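Here is what each chain is made of, one letter per residue.
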Amino acid sequence: MCGIVGYLGNEPVYEKVIKGLSRLEYRGYDSAGMAYIEDGELVVKKCKGKVVDLENVVGSVKPLSHIGIGHTRWATHGVPNDVNAHPHCSGDGSIALIHNGIIENYASIKQELMNRGHVFLSDTDTEVLVHLIEDVRNAEKVSLFEAVRLALSEVHGAYAIVVLDKSNADQLIVAKKSSPLVIGIGAQDDFYIASDATPIIEYTKNVVYLNDEEVARVDRKTGLTIVNIDNQSQTPYIQALELKLEAIEKGGYDSFMLKEIHEQPRSIEDSIRGRVNLKTGLIKMSGIDEHEERWKTAPRILIVACGTSWHAGLVAEYLFEDFARIPVEVEYASEFRYRNPIIYPTDIVIAISQSGETADTLAAIELAKERGALIFGVCNVVGSSISRATHCGAYTHAGPEIGVASTKAFTAQVVVLYQIALSVAQKRGVISNERTTRLMAELGSLPLKVEQVLKTNAITEAIAEIYQHCSNALYLGRGYSFPVALEGALKLKEISYIHAEGYPAAEMKHGPIALIDENMPVIVIATEGASYEKVVSNIQEVKARKGQIIAIVTEGDKTVKGMADHVIEIPRTDDSLVPIVSVIPLQLFSYHVAIMRGCNVDQPRNLAKSVTVE
Ligand code: F6R
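Values in this document were obtained by computation on a predicted structure and should not be read as measured data. (Residues numbered from 1 in each chain as written. Predicted model: local features only at pLDDT ≥ 70, side-chain atom pairs only at ≥ 80, totals over all residues. Heavy atoms only, no water.)

Chemist: What is the right way to read the overall build of the protein from this model?
Modeler: What the protein contains, in helices and strands, is 20 helices and 27 strands. Against the globule reference of 25 Å for 614 residues, the protein gives a C-alpha radius of gyration of 26 Å, in line with a compact fold. For the C-alpha atoms alone, the extent of the protein along its principal axes is close to 80 × 55 × 45 Å. Burial analysis of the protein (614 residues in total) assigns 60% to the buried set. (Helix = DSSP H or I, 4+ residues; strand = E, 2+ residues; numbered from the N terminus. Rg over C-alpha atoms; globule rule 2.2 N^0.38 Å. Buried < 20%, exposed > 50% of the residue type's maximum accessible area, 1.4 Å probe, protein only.)

Next comes the structure, spelled out in structure tokens:
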């Protein structure tokens, strides 16, 4: 979390930093700040709040400096306020630093530095780092580049940092470990630094992704120099960005979330294209084909993920068990890593992550790797830390997801996991050709079906109008629809701040039924399929207690229609594909409720898109 940007080049820095921070604001929006050099002086502007508040702090006279750094914060150490906002400065005011990550041993370093006379202004771990760099530089009489390297060899934790020194307006020092950082190289010795490529794409396509424990110097005279933490020189590997600028803009929608919900027909299609061949009846995924033997013989699959990605993992559990007959365990990455889990070298671990930067998922991957398992990544962000840490994988082609609440990433993840499960089932010879062909054809029809569901938007909006003031909601589903119930509840709570719970429909009678009264909306996924009759009974149990039923039903349904207060019809599809279609009205419902309550759907309170801390 936290977004960092830096610029060094031929043009004024201000606009580049502000624009870059706005693009990275999804990573955190508790405070914003920037530092630049003007007339030989280091100027720092920062405040609690968003990038727009920072613009007000800077005022109408914009800095003309050609070098600067900027930060948008998701608070970890210290409350969001002006003092804790980044950049932080050294005691003598000569060095400014921005940081994304957590310095775990900051307390002991801080104590040592205080013993040596350093005075701290903020509660942050970041301020300790800049004082440490100052301390090392003064004690060792070394360059800033070297001081940063030496200081970082003393710290534990995660960091992506950019350091600016007022005595050198031609140079920035950059370093990374376990937090993302990319350097863009422009045409005329212009350098762009950012947490991801979105602030850079407008200016250059040539980028270098720093590896962990690398320290880089960008210098207008000497260009880019990289060393590792042991001071060995590293050759920069320049890659071409494939990201398109339109993909990271709102394109006429009021919010990124609404745009991303409506992009799903395309993102689903993109996640299928080139993989499913209806003529041959085969699915082509290189991460599976290259490790065919492992997939054929693995006795078990472990899935690690967080949040919405974990919900996609739950759908995958049903898919793998149903199609490929492999036992699956789905784990919250944060729990998995801290409980000495049993991992066999024959296991396959699937790590699911939209951002590819989630710290808990990354740590779970490292643990499973140490134990010899094959790690398969399902990531959306190309070149992200998780995609690089895994042995193989398959990208979801959802395109950049900027709204903090995950929508199109979820459906793309399920689509990709679906193809993996089918492909593995084929390789193991446990699924008939007839079933595979039918499911592949159904999968191919999803973009049109999702398009059709999006047309129910007005109905969903009208239902949202009725329930916008509720304070609790229950989501129920069975089988493949249980993870969708969890996902629907998560969407509602994270963007509208309404308490919501997802439950397997049959579990309701073991406790949650006590909550039901005439004020409780109960959203039920009641599509035709294996558990339809049972869900109908669950609906009756809710109605008997005067609960308000909003049902997602298969088009043409009459039974549920006769008992529910509201219904949203979705096209008929195979049970195993219902999650991809039925989640759409739930996303729209949360969106409308949140908008009606005046909430910021793209940047819900306390959240950040990319959770790079434990
Ligand atoms: C919910 C949401 C989060 C993420 C979770 C994992 O809408 O966005 O719950 O799903 O933080 O993030 P990734 O998928 O980037 O690892």
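Now, onward.
Chemist: Would you explain the packing of aromatic side chains in this entry?
Modeler: For any pair of aromatic rings, the description consists of the separation of the ring centres together with the inter-plane angle of the planes. Taken as a whole and judged by the stated rule, the model has 6 aromatic pairs. Taking the centre distance of 5.1 Å and the plane angle of 45° together, the rings of Tyr7 and Tyr192 count as tilted. Taken together, the residues span a long stretch of sequence, with Tyr7 in strand 1 (residues 3-8) and Tyr192 in strand 10 (residues 191-194) at a distance of 185 residues. Look at Tyr192 and you get buried, because its relative accessible area is 6%. Ring geometry for Phe323 and Tyr418: centres 5.3 Å apart, planes at 85°, overall edge-to-face. One end of the pair, Phe323, is in helix 10 (residues 307-324); the other, Tyr418, is in helix 14 (residues 408-428), and 95 residues separate them in sequence. (Phe/Tyr/Trp six-rings, centres within 6.5 Å; stacked < 30°, edge-to-face > 60°.)

Chemist: Even after reading the chapter, I still don't get the sheet that holds strand 21 (residues 374-379), so can you show me in this structure?
Modeler: Whenever strands of a sheet pair, they do so through backbone hydrogen bonds, lying parallel or antiparallel. One open sheet accounts for 5 strands, arranged 19-18-20-21-22; its pairing is parallel. Strands with a single pairing partner mark the edges of an open sheet, and in this sheet they are strand 19 (328-332) and strand 22 (392-395). Across the sheet, the mean angle separating the axes of adjacent strands is 20° when strand polarity is ignored. Alignment of strand 18 (residues 301-305) against strand 20 (residues 348-353), held across 4 bridges, turns out to be parallel. Within strand 20, the position partnered with Ile303 by the bridge is Ile350. (Pairing = 2+ DSSP bridges. Axes fitted to C-alpha atoms, helices over the stretch in contact; angles between N-to-C directions.)

Chemist: Just checking my understanding: could you explain the domain arrangement of the protein for this structure?
Modeler: Bring the parts together and some accessible area is lost; that lost area is often taken as the interface size. Domain annotation of the protein identifies domain 1 (3-247), domain 2 (250-444) and domain 3 (452-614). Taken together, the 13 residues of domain 1 in the interface contact 11 residues of domain 3. Note on domain 1 versus domain 3: buried area summed over both sides is about 1000 Å², and carbon and sulfur give 51% of it. For the pair domain 1 and domain 3, the interface holds 0 salt bridges. Taken together, the links from domain 1 to domain 3 amount to 5 residue pairs in polar contact (both at pLDDT 80 or more). The residue inventory of the side of domain 1 that touches domain 3, partitioned by class, reads 5 nonpolar, 4 polar and 4 charged. (Domains from an automatic or database assignment. Contact = heavy atoms within 4.5 Å. Buried area = accessible area lost by both parts, 1.4 Å probe. Salt bridge = Lys/Arg side-chain N within 4 Å of Asp/Glu carboxyl O. Polar contact = N/O pair within 3.5 Å; in protein donor to acceptor, adjacent residues only side chain to side chain. Nonpolar A, V, L, I, M, F, W, Y, C, P; charged D, E, K, R; others polar.)

Chemist: In this structure, what is going on with the side chain of Gln264? I would like to understand it.
Modeler: Mapping Gln264 onto the fold places it in helix 7 (residues 264-272). Residue classification places Gln264 among the buried positions, given a relative accessible area of 0%. At a separation of 2.9 Å, a polar atom in the side chain of Gln264 contacts the main-chain carbonyl oxygen of Ile261. Sequence-distant contacts of Gln264, defined by excluding residues within four places in its chain, comprise Thr407, Lys408, Thr411, Val450, Ile584 and Gln587.

Chemist: For this particular structure, what's the right way to read the sheet that holds strand 5 (residues 88-89)?
Modeler: Reading across the sheet, the 7 strands line up as 5-6-7-8-12-13-14 and stay open at both edges, with antiparallel pairing between neighbours. Each edge of the open sheet is held by one strand with a lone partner, namely strand 5 and strand 14 (233-234). As paired strands, strand 5 and strand 6 (residues 95-103) are joined by 2 bridges and run antiparallel to one another. Following the sheet pairing, Cys89 is matched in strand 6 by Ala96.

Chemist: What exactly am I supposed to notice about a nonpolar patch on the surface here?
Modeler: Residues Val83, Val119 and Leu121 make up a contiguous nonpolar surface patch of about 310 Å² in total accessible area. Locating Val119 in the fold gives a position in the loop between helix 3 (106-115) and helix 4 (125-140). (Patch = residues over 30% accessible without salt bridge, like charges linked within 9 Å, V, L, I, M, F, W, Y side chains within 5 Å. Areas by Shrake-Rupley, 256 points an atom, 1.4 Å probe, with all protein chains shown as cover.)

Chemist: I would appreciate a short explanation of the packing of helix 1 (residues 13-24) against helix 2 (residues 51-58) in the present structure.
Modeler: Between two packed helices, the angle of one axis relative to the other and the distance separating the axes together describe the packing. Relative orientation of the contacting elements helix 1 and helix 2 amounts to 155°, with a least axis distance of 9 Å. Relative to helix 2, the element helix 1 lies roughly antiparallel. Across the interface between the two elements, Tyr14, Ile18, Leu21 and Ser22 from helix 1 touch Val51, Leu54, Glu55 and Val58 from helix 2. Its residues assigned to classes, the contact of helix 1 with helix 2 shows 6 nonpolar, 1 polar and 1 charged. (Parallel < 35°, antiparallel > 145°, perpendicular 65-115°, else oblique.)

Chemist: Sorry if this is basic, but what is going on with the site of the ligand here?
Modeler: Looking at the ligand, there are 15 residues lining it, with Ser309, Ser353, Ser355, Thr358 and Glu494 nearest. Taking Gln354, its main chain carries an N or O atom lying 2.7 Å from an oxygen atom of the ligand. A distance of 2.6 Å separates an oxygen atom of the ligand from a polar side-chain atom of Ser355. In the complex, the protein chains occlude 89% of the 400 Å² of accessible area that the ligand would expose alone. Going through the elements one at a time, helix 10 and helix 18 (482-496) are the ones with two or more residues in the shell around the ligand. A domain-level breakdown of the shell around the ligand finds at least three residues from each of domain 2 (250-444) and domain 3 (452-614). (Near = heavy atom within 4 Å.)

Chemist: Whenever I open this one, the side chain of Thr72 confuses me. Can you help?
Modeler: Within the secondary structure, Thr72 is located in strand 4 (residues 67-73). A polar contact of 2.6 Å, which involves the side chain of Thr72, links it to the backbone oxygen of Gly28. With sequence-adjacent residues up to four places away left out, Thr72 is seen in contact with Cys2, Gly3, Leu21, Leu24, Glu25, Gly28, Tyr29, Ser31 and Ala32.

Chemist: Help me understand unusual backbone geometry, please; the structure alone is not making it clear to me.
Modeler: With glycine set apart, most residues show a phi of negative sign, and most peptide bonds adopt trans. That bond from His86 to Pro87 is cis: its omega, 0°, falls within 30 degrees of zero. Counting through the fold element by element, Pro87 comes out in the loop between strand 4 and strand 5. Phi angles above zero are rare outside glycine, and Asp39 is one such case at about 50°. Checked against the element boundaries, Asp39 lands in the loop between strand 2 (31-38) and strand 3 (41-48).

Chemist: Is there a simple way to think about the pairing of strand 18 in this case?
Modeler: Of all the 5 residues making up strand 18, 5 are buried; the element is thus mostly covered by neighbouring parts of the structure. Here strand 18 runs beside strand 19; their pairing, made up of 5 bridges, is parallel. The residue bridging Ile301 from the neighbouring strand is Val328, located in strand 19.

Chemist: I keep staring at the packing of helix 4 against helix 5 (residues 144-152) and nothing clicks. Help me out?
Modeler: Closest axis-to-axis distance for the helix 4/helix 5 pair is 8 Å, and the angle between their directions is 120°. Of the possible angle classes, the one that applies to helix 4 and helix 5 is oblique. Note that helix 4 runs across helix 5; the crossing there is right-handed. Within the contact between the two elements, helix 4 uses Leu129, Leu132, Ile133, Val136, Arg137 and Glu140 and helix 5 uses Leu144, Ala147, Val148, Leu150, Ala151 and Leu152. (Left-handed = near helix turned anticlockwise from the far one by under 90°.)

Chemist: Please explain the state of the cysteines as it appears in this structure.
Modeler: Such a bond, covalent and formed between the sulfur atoms of two cysteines, is termed a disulfide. All told, the structure shown has 0 disulfides when counted by the stated rule. With no disulfide of its own, Cys470 has Cys599 as its nearest cysteine by sulfur position, at a separation of 12 Å. By relative accessible area, which is 13% here, Cys470 ends up buried. (Disulfide = S-S within 2.5 Å.)

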